[in-house]
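The lines below spell out each chain.
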Amino acid sequence: MFHPRLLLAPVLLAAATAASAHTGAGAHLHAGDGAMQALMAGLSHPIAGLDHLLAMVALGLWCGLMLQRQWLPPVAFAACMALGLALTQTPLELPAVEPMVAASLLAFGLLLVAQRRLPVALAMVLAGAFALFHGYAHGEVFPHALPAAVFWAYMAGMVATTLVLHALGVAFGRAMRGGTASAWAARLAGVAAMGYGAVALAG
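Residues numbered from 1 in each chain as written. Predicted model: local features only at pLDDT ≥ 70, side-chain atom pairs only at ≥ 80, totals over all residues. Heavy atoms only, no water.

*Asks:* Quick rundown of the overall build of the protein chain? Include the residues and the values.
*Replies:* Across its full length, the protein chain carries 8 helices and 0 strands. Along the chain direction, N to C, the helices and strands of the protein chain fall in the order α-α-α-α-α-α-α-α. Taken over 203 residues, the protein chain has a buried fraction of 49%. The long-range share in the protein chain, meaning contacts at least 24 apart out of those at least 6 apart in sequence, stands at 87%. When the accessible surface of the protein chain is totalled, it reaches about 9,300 Å², and 72% of it is carbon and sulfur. (Helix = DSSP H or I, 4+ residues; strand = E, 2+ residues; numbered from the N terminus. Buried < 20%, exposed > 50% of the residue type's maximum accessible area, 1.4 Å probe, protein only. Contact = heavy atoms within 4.5 Å. Areas by Shrake-Rupley, 256 points an atom, 1.4 Å probe, with all protein chains shown as cover.)

Below is the structure:
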């Protein structure tokens, strides 16, 4: 029997795991780059990182498959991811960033495997909590010497691509409703997400 408390297991596991470096498109920005270069880097960054890509699609897939108000958790994720990005421009540091990113794959994958509904409010809180760490991980690779306008362009690109990935997941999830074969396909996708998350934690 699936219980929402099981979602705490990946978080506890992540807290006991050392973080690893996160690199991506933002790392390729240099002094003198403008808003357009930053926007393109932000647009490509979520696709370049398999952890982010899998987490976004898995969350969207579960929302489309199991929820009626399937857009609320993805929107909460995008908003909190933007907040996590912004936090990298302040003195505040989040602990265990990479383990928490990996834990999000375990949690979202578990939701797909279990195929159980959660209250929408709880799903939004869960998505938003993990999103802070996703955003912080992607913001860490942004050069601090660049102007604020360039950073906001980078953030806009990140949020836009993240919402597209969520939308693809939701669309596939909605298409999978009501079919036994589709249900098992969704479970296999959940297993793949969990497997990647477990490997990332172990590494």
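Structure shown, so let's carry the discussion forward.
*Asks:* Pulling in residues and values, what's your account of helix α5 (residues 97-114)?
*Replies:* Between its first and last C-alpha, α5 extends 26 Å over 18 residues, near the 26 Å set by a 1.5 Å rise per residue. For α5, a buried count of 17 out of 18 residues is recorded, marking the element as mostly surrounded by other parts of the structure. The first or second residue beyond α5 is Gln-115, which carries a positive phi of 50 degrees. (Expected span 1.5 Å × (residues − 1).)

*Asks:* Please provide a residue-by-residue account of helix α8 (residues 180-202), values included.
*Replies:* Between its terminal C-alpha atoms α8 stretches 33 Å, which fits the 33 Å expected from 23 residues at 1.5 Å a residue. For α8, the full list of buried residues reads Ala-183, Ala-186, Gly-190, Ala-193, Gly-197 and Leu-201.

*Asks:* Please give an account of the packing of helix α3 (residues 50-66) against helix α7 (residues 148-176) that cites residues and values.
*Replies:* Two elements in contact, α3 and α7, have axes separated by 6 Å at closest approach and are oriented at 40 degrees. Comparing their axes, α7 and α3 come out oblique. Regarding α3 and α7, the two cross each other, and that crossing is right-handed. Between α3 and α7, the contacting residues are His-52, Leu-53, Met-56, Val-57, Leu-59, Gly-60, Leu-61, Cys-63, Gly-64 and Leu-65 on the first element and Met-158, Thr-162, Leu-165, His-166, Gly-169, Val-170, Phe-172, Gly-173, Arg-174 and Met-176 on the second. (Axes fitted to C-alpha atoms, helices over the stretch in contact; angles between N-to-C directions. Parallel < 35°, antiparallel > 145°, perpendicular 65-115°, else oblique. Left-handed = near helix turned anticlockwise from the far one by under 90°.)

*Asks:* Kindly report on the environment of Leu-85, identifying the contributing residues and their values.
*Replies:* Along the chain, Leu-85 turns up in helix α4 (residues 72-87). What Leu-85 contacts, discounting residues up to four positions off in sequence, is Gly-135, Tyr-136, His-138, Gly-139, Phe-151, Tyr-154, Met-155 and Met-158.

*Asks:* Describe in detail the packing of aromatic side chains, supporting the description with residues and values.
*Replies:* The tally for this structure, following the rule as stated, stands at 2 aromatic pairs. Seen from their ring centres, Phe-108 and Phe-130 are 5.7 Å apart, and the 80 degrees between their planes marks the pair as edge-to-face. Placement of the pair is Phe-108 in helix α5 and Phe-130 in helix α6 (residues 120-140), with a sequence separation of 22 residues. Of the two residues, Phe-108 and Phe-130, neither departs from the other in class, the shared state being buried. (Phe/Tyr/Trp six-rings, centres within 6.5 Å; stacked < 30°, edge-to-face > 60°.)

*Asks:* Account for the nonpolar core, with residues named and values stated.
*Replies:* Trp-62, Phe-77, Phe-108 and Tyr-154 are the most contacted members of the largest nonpolar core, which totals 51 residues. Those elements that provide at least two residues to this core are α2 (35-48), α3, α4, α5, α6, α7 and α8. With residues near it in sequence (within four places) discarded, Phe-108 still touches Ala-55, Ala-58, Leu-59, Phe-77, Leu-126, Ala-127 and Phe-130. (Core = buried A, V, L, I, M, F, W, Y, C linked by side-chain atoms within 4.5 Å.)

Bear in mind that shape data such as this cannot, by itself, settle questions of function.
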